[in-house]
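Secondary and tertiary structure notes
Given next are the chains, with one letter for each unit.
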Amino acid sequence: MRFDPVRLELIKNAIGSVVDEMTLTVVRIAYSSIMRDTMDLSSAFCDRDGRMIAQGLSLPLHLGSIPDAMDCVLDRWGGDIAPGDVIILNDPYHGGMHLPDIFMFKPVFVEDDLFGVTVLVAHHNDMGGRVPGSSAADSTEIYQEGIRIPVVKLYEKGEPNSTLFDLLQLNVRQPEVILGDVQAQYAACRTGERGMLELVERYGAAELYEAFDALLDYSERGARDIIAAIPDGVYRYTDHLDDDGINFGTPVPIAVAVHVDGDELTVDFDGSAAQVDGAINATLSFAKSAIYFAVRSIMVSDVPNNAGFFRPIHAKAALGTIVNPRPPGAVAARGVTGFRIIDALAGALAQAVPHLVRAPGEGGTTSYSIAGYDADGTYSQFREAVMGAWGAGHERDGIDGVANPAANISNAPIEVIENMAPIRVERYELVADSGGPGRWRGGLGVLRQLRYLGAGARLQLRSDRRDHPPFGISGGGAGRASDNIFFNGETWERLPTKFVQPIQPDQVICHTTAGGGGFGDPFDRPADLVLNDVCNGKVSIKAAAHDYGVAIAESDLILDDEATAALRRRPAP
């Protein structure tokens, strides 16, 4: 290394602290629960050439989208950036992902020279459009999804763009919340600017420029090392989304071919679905982000999340496909497609390095919103994500009740939901027997049941993994499928995995996420671990016998040596 490794580590951690503080700034002052409690946001710092040097807390799936958005900013404004400028965008076809995600960029100047850019991308409660929340899976073109913001200046030389602020205020359903959250993003970018200028004072701009190059090279070496550890070859897998939110019952294939050649890796999406009618199309930048996460998830070493990591990783996808759509294709619910790309990559990589791969989790966090007007005309909206489970891996059970690792966000506490919206949370629990059986068991799915207490609203929900539950790896079983059931006031009915519909007072939505896939032969799971699962309510006595071949009597449900010794395992079929 050209750089003192100790000093480089200090600089790496210092930059990491700056971008983490940006995220925490939003969490402290944001108006919406989706930012404050769920933490659906990400921060980053890019150098003067637009290379991402560090990413902060929160969503790994934003990892690969920030560089593409940064490129669009430099293409549009690269020759006309001044101190005090702030640039934003949300248009998926001009650097964004979907309309609720607003990217904000604040250039950092040292004297009169551009030093770098602080970046904060955050999910907003609403961007207008036909459905509150602007994330409906049944939209068929982007024009239905809300206001599109091209690459424009929100502030120019410190002066706010009043026209853009007025346009935002007029086109969203909760302008005080949206504009408050935009200001939270602005405060975070200023926090990042201040932090980076403090580092310039400490180390000097010249040394930091050298450190940026060293950090990018360091991450590149880490990426190449893990790719080189994968045997050369082509590994293929096809997973499916249940449907596109329009054509119910018609599965949507996500096909990947992972080409490994030395320390270079290319993912080819040939065989994936053509661009679909519904809003689950994903931009290529988002698809690449899913690839970067999948490779990162099999790494043992801890290298920075920066643009150097991306150098040996490539993607190929034809224009007009679900992972590289043409405008005006709808993309609001593209998140579920990103999760399925990751799952398909897990299936492919498990053929080469199964000991490094986890089975798929719940299929991606479920997104829902309930929004409507009370009798006095007051508008209310609540939006959150329901967390699920991780799949199992080699020598590690799945984890219960946590966000998909590609999302890394949080559920909203029950008290917050009931305080902010006319909703009563009637059930919130782990679901027994939902984790895929295996030598290492998949994580349990989560059930969330909500009763609506307002005057009338629209319920939007995006989920998946009912018709195609999370698969197991190396002989592990699939997790239990997801479900949506709705109480209409008289009877319970089953709803699709993706829908928008009215909800009236005292009607109930009960959503269950899928369980994570298992890893390894279930009959190889030690009997004492099966007993422990039964005692903890994670596996029933019936499932212990059927899935694991362990016969447990009620009298056995005491965790001691005598009870464990009494367990009887029937032969594997």
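The text that follows walks through the structure, step by step, so that each part is easy to find. (Residues numbered from 1 in each chain as written. Predicted model: local features only at pLDDT ≥ 70, side-chain atom pairs only at ≥ 80, totals over all residues. Heavy atoms only, no water.)

Our next topic: the overall build of the chain. From N to C terminus, the chain includes 12 helices and 24 strands. Taking 2.2 N^0.38 as the reference for a compact globule, 573 residues should give roughly 25 Å; the C-alpha atoms of the chain span a radius of gyration of 24 Å, in line with that estimate. Its C-alpha atoms give the chain principal-axis dimensions of roughly 75 × 65 × 45 Å. Relative to its 573 residues, the chain shows a buried fraction of 61%. Sequence-distant contacts in the chain: of pairs separated by 6 or more residues, those separated by 24 or more amount to 70%. With the model as given, the accessible surface of the chain reaches about 21100 Å², and the carbon-plus-sulfur share is 50%. The distance from the centre of the 49 positive side-chain charges to the centre of the 77 negative ones in the chain is 2 Å. (Helix = DSSP H or I, 4+ residues; strand = E, 2+ residues; numbered from the N terminus. Rg over C-alpha atoms; globule rule 2.2 N^0.38 Å. Buried < 20%, exposed > 50% of the residue type's maximum accessible area, 1.4 Å probe, protein only. Contact = heavy atoms within 4.5 Å. Areas by Shrake-Rupley, 256 points an atom, 1.4 Å probe, with all protein chains shown as cover. Lys, Arg positive; Asp, Glu negative; His and termini not counted. Charge placed at Lys NZ, Arg CZ, Asp CG, Glu CD.)

So, about the environment of A350. By the element assignment, A350 lies in the loop between α8 (335-349) and β12 (366-373). According to the relative accessible area criterion, A350 is buried, its value standing at 15%. In this structure the C-alpha to C-alpha distance between A350 and Y235, which are 115 residues apart in sequence, comes to 8.9 Å. In this structure, A350 is in contact with V357 and I473, ignoring residues within four places of it in sequence.

With that settled, consider the pattern of salt bridges. Inspection of the entire model under this criterion finds 40 salt bridges. Two residues, D217 and R311, come together in a salt bridge whose shortest N-O distance is 3.0 Å. Placement of D217 in helix α6 (residues 205-228) and of R311 in the loop between α7 (284-296) and β11 (313-316) is noted, with a sequence separation of 94 residues between them. Of the residues examined, R311 reaches a relative accessible area of 31% and is grouped as partly exposed. Notably, a salt bridge pairs E220 with R311, separated by 2.7 Å at the nearest N-O pair. With E220 in helix α6 and R311 in the loop between α7 and β11, this residue pair connects regions lying 91 residues apart in the sequence. (Salt bridge = Lys/Arg side-chain N within 4 Å of Asp/Glu carboxyl O.)

What follows covers the nonpolar core. Formed by 141 residues in total, the largest nonpolar core has its most connected members in F105 and F115. Other than its neighbours up to four places away in sequence, F115 contacts F45, D47, R48, V108, F109, V110, M196, V200, A205, L208, Y209 and F212. By size, the runner-up hydrophobic cluster in this structure holds 20 residues, among which are I423, V425, A457 and L461. (Core = buried A, V, L, I, M, F, W, Y, C linked by side-chain atoms within 4.5 Å.)

Buried within helix α4 (residues 162-171) are the following residues: L164, F165 and L168. All buried residues of α4 project into a common sector of 100° when viewed along the axis, lining one side. Exposed side of α4, more than 90 degrees from the buried face: T163 and L170 are the residues found there. Summarising the contacts, the buried residues of α4 are in contact with β3 (86-89), β6 (152-156), β7 (159-160) and α5 (175-203). (Arc of directions from axis to C-beta.)

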